[in-house]
Amino acid sequence: MKKMFLPILMFLAAILGIVPTTSSVGGSVDSNYSSEFGQKANAILDKKSFSGSVLVVKNGKIIFQASRGYSNYGISLSNTIDTSYEIDSIQKSMTAAMVMKEIQNKKLSLTDKLSKFYPEIPGSNNITIKEMMDMTSGLILKGGVGPTKVMSDTDIIDEDIKNIRYVNVLHGKWDYSAINFNLLSGILEKLTGKSYRKLFTESYIDKLNLKHTIFAYDESPKIQKATGYNNPDPLSPSLNYKNVFDADKFLEYDELGTGQVYMSVYDLYKVEQYITQGNMLSAKSRDQLYAPGSISTYGGGLYHTKDDNFANGWGYGFQGVSHISDDGKVTVIALENYTRRAVDLKPMANQLYKLAKD
């Protein structure tokens, strides 16, 4: 009887205008469901069979937030707005901003050559810091994967250097290769004498008082890290949570500066606002950082199109997308802990962004 009474009470309260109506999926509750925007946004999420969290902010106010699906299906733990998800390559925008901070402080230049720090790398005399941040360096990593055991940051880069190849015909052309940001992380460590982890913690976690951000290889009883799930069926209409993506431990270290951080949607919003609109960088520094280095529009860890600066990440059972308008007034953050081949999160996030701009 008690189980029936609570939903009836909530329904009556909603009719009387005491509380907004809500939509429940996978044990979690969507907020702002009764608003016109909320209903349209939830309809978009319904079509995706979404498992994760979404945050939409306009003019400094949250106009929509939603969490759906399970953070850990095995123990019936639902995703919430405070759940932390692996952000994968979205982290590159944060690494790039830390590099730009050193340039702003006159400790580095965009035109400095890679050979200043790693002269043993083929082609390093030709490659600039800016080209590395724009993915136009011509560097590739043979095999695409670094060390296959847990190592220190320095040892990871030393091992990577053995497998780096410089492709002259790719120099100056966009070619997405994470090794660029592994090396940029190493350069940060050489410049500051601090580990990447310590720099990231000081620059973002401590500076912005982030409560739900943690490195993949760390654990905290205060932070709920989502489990990543993978469904090999790209057209599966439902979330079955049968396949846990069990990543090897060494990968969490090997993704140095490129995809080794878990964040909640709120924390990611705070960081991206701080980088693109706050006082971390001057307007001049941001213009230099985000000037695209190729027709790909990629610059400083973000893609830049008309009034839209977005980043995306994919891997280990996670997907993530962030969209930020040029003036920072419209932001959409979508983080998901469920992947299906050929089912991308980007179209859904893009729909929400366009809806928010309207």
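Residues numbered from 1 in each chain as written. Predicted model: local features only at pLDDT ≥ 70, side-chain atom pairs only at ≥ 80, totals over all residues. Heavy atoms only, no water.

- As named in an unreviewed UniProt entry, the chain is Penicillin-binding protein, taken from Companilactobacillus alimentarius DSM 20249.
- Turning to the chain, the UniProt record has this under Subcellular location (unreviewed entry): "Membrane". (UniProt positions renumbered as here; feature names shortened; annotations may be inferred.)

## A closer look at the packing of aromatic side chains
- Summed over the entire model, instances satisfying the criterion amount to 20 aromatic pairs.
- Here Y176 and Y298 contribute two aromatic rings whose centre-to-centre distance is 6.0 Å and whose plane-to-plane angle is 80°, an arrangement assigned as edge-to-face. Here Y298 lies in strand β13 (residues 298-299) and Y176 lies in the loop between β9 (164-166) and α6 (179-192), a separation of 122 residues in the sequence.
- Judged by relative accessible area, which is 34%, Y176 ranks as partly exposed.
- Geometrically, the ring pair formed by Y217 and Y253 is stacked, given 4.2 Å between the ring centres and 10° between the ring planes. Here Y253 lies in helix α8 (residues 249-254) and Y217 lies in the loop between β10 (213-215) and β11 (229-231), a separation of 36 residues in the sequence.
- The exposure class assigned to Y253 is partly exposed, which follows from its relative accessible area of 22%.
- By way of ring pairs, the aromatic residues Y196, F200, Y204, F215, Y217 and Y253 are connected into one cluster.
- Stacked on the ring of Y262, the Lys or Arg K225 has its end atom at 4.9 Å from the ring centre. (Phe/Tyr/Trp six-rings, centres within 6.5 Å; stacked < 30°, edge-to-face > 60°. Helix = DSSP H or I, 4+ residues; strand = E, 2+ residues; numbered from the N terminus. Buried < 20%, exposed > 50% of the residue type's maximum accessible area, 1.4 Å probe, protein only. Lys NZ or Arg CZ within 6 Å of the ring centre and 35° of its normal.)

## Digging into the nonpolar core
- In terms of nonpolar packing, the biggest core is built from 74 residues, with M94, L183 and Y204 touching the most fellow members.
- Here this core takes 7 residues from helix α3 (residues 91-104), the largest share from any one element.
- With residues up to four places along the chain from it excluded, the contact list for Y204 reads M94, A97, M98, N209, L210, V271, Y274, I275 and M280. (Core = buried A, V, L, I, M, F, W, Y, C linked by side-chain atoms within 4.5 Å. Contact = heavy atoms within 4.5 Å.)

## Description of the environment of H323
- Mapped onto the elements of the fold, H323 is located in strand β16 (residues 318-324).
- Counting along the chain gives 54 residues from H323 to Y269, while the straight-line C-alpha distance between them is 9.8 Å.
- Other than its neighbours up to four places away in sequence, H323 contacts D308, N309, F310, V330, T331, V332, A349, N350 and Y353.
- Among the polar contacts listed, one links the side chain of H323 to the side chain of D308, at a separation of 2.9 Å. (Polar contact = N/O pair within 3.5 Å; in protein donor to acceptor, adjacent residues only side chain to side chain.)

## A look at unusual backbone geometry
- With phi around 55°, S49 is a residue other than glycine that occupies positive phi space.
- Secondary-structure assignment places S49 in the loop between α2 (36-48) and β3 (52-58).
- Unlike most non-glycine residues, M135 shows phi in positive territory, near 65°.

## What about the packing of α3 against helix α9 (residues 265-276)?
- It is the contact of α3 with α9, at a shortest axis distance of 11 Å, that shows an interaxial angle of 35°. In this structure, α3 meets α9 at a crossing whose hand is left-handed. Judged by residue contacts, S93, M94 and A97 of α3 engage L268, V271, E272 and I275 from α9.
- Taken together, the residues of the contact of α3 with α9 break down into 5 nonpolar, 1 polar and 1 charged. (Axes fitted to C-alpha atoms, helices over the stretch in contact; angles between N-to-C directions. Left-handed = near helix turned anticlockwise from the far one by under 90°. Nonpolar A, V, L, I, M, F, W, Y, C, P; charged D, E, K, R; others polar.)

## Re the pairing of β3
- The buried count for β3 comes to 6 of 7 residues, which makes it a mostly enclosed element.
- Looking at chain direction, β3 and strand β4 (residues 61-68) are connected through 7 bridges and run antiparallel. Along β4, the bridge assignment pairs S53 with S67.
- Hairpin connection, β3 to β4: the antiparallel pair is bridged by 2 residues, and N59 has positive phi, about 55°.
- Pairing of β3 with strand β17 (residues 330-336) involves 7 bridges; the strand directions are antiparallel. In the sheet register, L55 faces β17, and the bridge partner there is I333. (Pairing = 2+ DSSP bridges.)

## Observations regarding the environment of T83
- Following the sequence through the fold, T83 ends up in the loop between β6 (77-78) and β7 (85-86).
- Separated by 140 residues in the primary sequence, T83 and I223 place their C-alpha atoms 7.4 Å from one another.
- Residues in contact with T83, not counting those within four places in the same chain, are S71, S78, Q224, A226, M263 and S264.
- Here T80 takes part through its backbone nitrogen, which lies 2.8 Å from a polar atom of the side chain of T83.

## Things to note about the sheet that holds strand β12 (residues 261-263)
- Read from one edge to the other, the open sheet built from 3 strands follows the order β7-β12-β10, with strand pairing classed as antiparallel. The sheet is open, and its two borders are formed by β7 and β10, each paired with just one other strand.
- Bridge count between β7 and β12: 2 bridges; the pairing is antiparallel. Opposite Y85, over in β12, you have M263 as the bridge partner.
- The sheet contacts of helix α7 (residues 196-206) involve β10 and β12, and relative to β10 the element is tilted by about 175°.

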